[in-house]
Each structure stands twice: as structure tokens, then as C-alpha cells.
There are 2 protein chains.
Amino acid sequence: MRIYGDCLSGNCYKLKLVTELLGTPHAWKFVTWIDGGTKTDDFLARVNPAGKVPVLETSKGEMIPESGAALYYLARDSHLWPVGETDRAQVLRWMFFEQYSHEPFIAVSHSLKKRAAPSPETAAKLAELHPGGVRALETMEQHLSSNDWFVAGAPTIADISLYPYTSWAPSAGFDLSAYPEVHKWLGRVERLLGFVSMEDAIAQTTPA
Amino acid sequence: MRIYGDCLSGNCYKLKLVTELLGTPHAWKFVTWIDGGTKTDDFLARVNPAGKVPVLETSKGEMIPESGAALYYLARDSHLWPVGETDRAQVLRWMFFEQYSHEPFIAVSHSLKKRAAPSPETAAKLAELHPGGVRALETMEQHLSSNDWFVAGAPTIADISLYPYTSWAPSAGFDLSAYPEVHKWLGRVERLLGFVSMEDAIAQTTPA
């Protein structure tokens, strides 16, 4: 298997994290939108016509874009994808929650704070995104107040999918001290055997 | 099983569509955000703390929010969820695409055109959303130029998930005549045995 991506993106880092937790042999092909790598003719024709990373290439050469789909494929025979059908639906529930109700607020805020020049427009956009990020963190806090993990009392790809951008929340302008259960859960993820930090993942996947 | 929702929302209609296509026995509980029904104490405590529909209640009383997760659960033993693991990942790929790269542009545009008062702010927001909707339709058009269905040459919940808001694209301000393959695919979905239109779904699920 081969993964196309850059661990500068939380969506790509999710795939690196799951391969490390599971010990999945794979090749990492560094591709980033920053230098136009996701928009080359070859990438668009052969890897992902939507011009985005990450993409997982299976051992038969089929391309699987979208981090959630790739996480499913990487974890499908592992303990990170539970056995029960209701539990599986709950894993997907939190993965869809992450992509629809979390990432568009927290990841985008993070990106604006890191990359956009400070300006009234950036400040207005950050203020527009803030309530959505707060709602996402409140939903997580409430769920984690009676659960150690998102589904079935054990780590799954739901946790993996929620980890990267939640761990970035402070640098995206969200104070995690208001969400003590979220903070504790981040620590539980970081203590999993095989866990790799985003910084280490970037170091391991970026060409020298 | 019970479904909480209103078919005024495309996300709820997806669940009605899949139950009709599969002949799944279920009770429909009309709940809509429009009259505050998704924010009552009972709904928040018992059904979905995130205050959103649709929610699928399993026969054991477990609540599954998020349309994509509920579609998976409803279709998991049917022909709408393919057998091969790569095909399953591709179904999820298009379902995540729909929630991240399609719905936030086309469904939100539709909602703005239907519900918001015409104003410079609404016009500016519609203009901001337009390119994302075009990109989504172009991605679909390209895929459908060599595929009758999104995955594995047969209808799956990927098609069901993409159908509602794509069929609304014209009233959201997107001219489907520019996407002939998308237009033909909509017709293929509408000719499936058991297909129910959104209008009929609304009529069937709204209390008299």
C-alpha cells in the first residue's frame, strides 16, 4: 500500500497515526497542496481527480481518497473497527460529525491563524467560525463525561479521526481548559502503544 | 426501528429513500428544527444531544445520529452496501465527499435561496458558496462520464447520499444542463424500484 499526503494536514496525519498504531507496512509518498503537488496532471489523472490528499492506494492499485474512507480501509480488520454493527454505525457517526461539524470550524480556524495575514477579514471569519468550534467541543465534552472513548469503551478510528484537529484547538483559538474531559481524552490517545505525534509524523514523512 | 426527522431536509429524506428502496419496516417520528422540535429537553436528553435530525433508533433503542451512519446501519445487509472491502471504502469515500464537499455548498445555497430574505449579505454568501458547488458537480460529472453509478456499477448508499441535494441543485442556483451525466444519473436513481420523491416523502412523513 501507498499513502499520498503530507502530515502538515491533520487529515493526512490521521492515516499516518492509524498505520503506526496498527503497524501497517506502507510506503509514504509526500504530496502537498502547498507546492502544487495535488494539482499536477499526473496526480489529477492517476491519483485523485479532486486534487486533494490524503489518498490511499491499495495493493491492487485502487485509489481511495477521503481520509474517513481510507481510515476504514486501513482499520477494517483491526481492533480499531469494532465488530458489532451498531458500534460500527456509531464509529461512522463520530467520523461524519468530525468532517461536518468539527473540521470546518476548528481546522479552518487553525489554518487562518497560521497562514492568513492578520486583517479585519480574517478576524471576521474567525469570529464566524468560533461558535461552530465551541459546539463541536461541547458535544465531545458531554460524550466524554461518561465515556473514556467515543465508541464501545475502546479506541477506534472515531478517536483517530477526532484527535488531530482537537489537539490543534488551542492554536486555533479554542481554550481547552474549558473542556477537561476532552483534555483527558487527548492524553489517553497519546498514551496508546504506537502513537506518533504530528511533529514526529511530519519529520518521518517529509523528504529531507 | 424508528426514524426521527422531517423530509424537508435532504439529510432526513436520504433515510426515507433507503427504507423505501429496501422495504424496511419502521416508524417515522416527525421532528423538525423549524418548530424547535430538535431542541426540546426530551430530544436533547434522549435522542440526540447535538440537537439535529435525522436520528435512527435501533430496535434495541440505541440512537444513531448523522445521516451517513444511519444509512450504513439501514443498508448494511443489503445490495446497497457492496460486499468487497475496496468497494465499501469507495462508498464511504463518496459519502464523505457529499458531506464535506457537496452539502455545505449546494444544500446551504438552497436553504439561503428558500429561506433567507434577499439582501446583499445573502447574495455575497451565495457567491462565496458557488465555486464549491461547481467543483462538486464537476467531480461528479467526471466520475459519471465513465460510470453509471458511483461504486461497483450498481446503486449503493453512495448514490442515495448524493441524490437529494444534487436534485435540488437547480433551485440552489446551479444549472444542471452543464452536467449532462449528472442529469442522466439523477434519472437512473428516480427509476429504481421503490424510489420515492422528496415531495411524496414529505407528504408521507408530515403529520396531517
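Source: prediction; values computed, not measured.

**Overview of the state of the cysteines**
Residues and elements named next belong to chain A.
Moving on, step 1. According to the stated counting rule, one finds 0 disulfides over all chains in the structure shown.
Moving on, step 2. The thiol sulfur of Cys12 is not disulfide-bonded, and the nearest other cysteine sulfur, from Cys7, lies at 6.5 Å.
Moving on, step 3. Judged by relative accessible area, which is 0%, Cys12 ranks as buried.

**Examining the domain arrangement of chain A**
All names here are of chain A.
Moving on, step 1. Partitioning chain A into domains gives domain 1 (2–79 + 195–205) and domain 2 (85–190).
Moving on, step 2. One C-alpha centre belongs to domain 1, the other to domain 2; they are set 20 Å apart.
Moving on, step 3. On the domain 2 side, the residues contacting the 20 residues of domain 1 number 15 residues.
Moving on, step 4. Across the interface of domain 1 and domain 2, roughly 1,400 Å² is buried in total on both sides, 68% from carbon and sulfur atoms.

**Brief notes about the sheet that holds strand β3 (residues 55–57) of chain A**
Within a sheet, adjacent strands bond to each other through the backbone by hydrogen bonds, running parallel or antiparallel.
All names here are of chain A.
Moving on, step 1. Strand order in this open sheet of 4 strands is β2-β1-β3-β4, and the pairing throughout is mixed. Of all the strands in the sheet, the pair left with one neighbour each is β2 (27–30) and β4 (63–65). This sheet shows a mean twist of 20° between the axes of neighbouring strands, independent of strand direction.
Moving on, step 2. In this sheet, β2 lies alongside strand β1 (residues 2–5) in parallel orientation, the contact comprising 4 bridges. Looking at β2, one finds that Gly5 is bridged to Phe30.

**Regarding the sheet that holds strand β1 (residues 2–5) of chain B**
Residues and elements named next belong to chain B.
Moving on, step 1. Read across the sheet, 4 strands follow the order β2-β1-β3-β4 without closing on themselves; strand pairing throughout is mixed. Since the sheet does not close on itself, it has two edges, and those belong to β2 (27–30) and β4 (63–65), each with one partner. Looking at each pair of strands side by side, their axes are set apart by 20° on average, direction ignored.
Moving on, step 2. Sheet strands touched by helix α3 (residues 67–75): β3 (55–57) and β4. Its angle to β4, the strand with the most contacts, is close to 125°.

The rules we used
Residues numbered from 1 in each chain as written. Chains lettered and ligands numbered in written order. Predicted model: local features only at pLDDT ≥ 70, side-chain atom pairs only at ≥ 80, totals over all residues. Heavy atoms only, no water. Disulfide = S-S within 2.5 Å. Buried < 20%, exposed > 50% of the residue type's maximum accessible area, 1.4 Å probe, protein only. Domains from an automatic or database assignment. Contact = heavy atoms within 4.5 Å. Buried area = accessible area lost by both parts, 1.4 Å probe. Pairing = 2+ DSSP bridges. Helix = DSSP H or I, 4+ residues; strand = E, 2+ residues; numbered from the N terminus. Axes fitted to C-alpha atoms, helices over the stretch in contact; angles between N-to-C directions.

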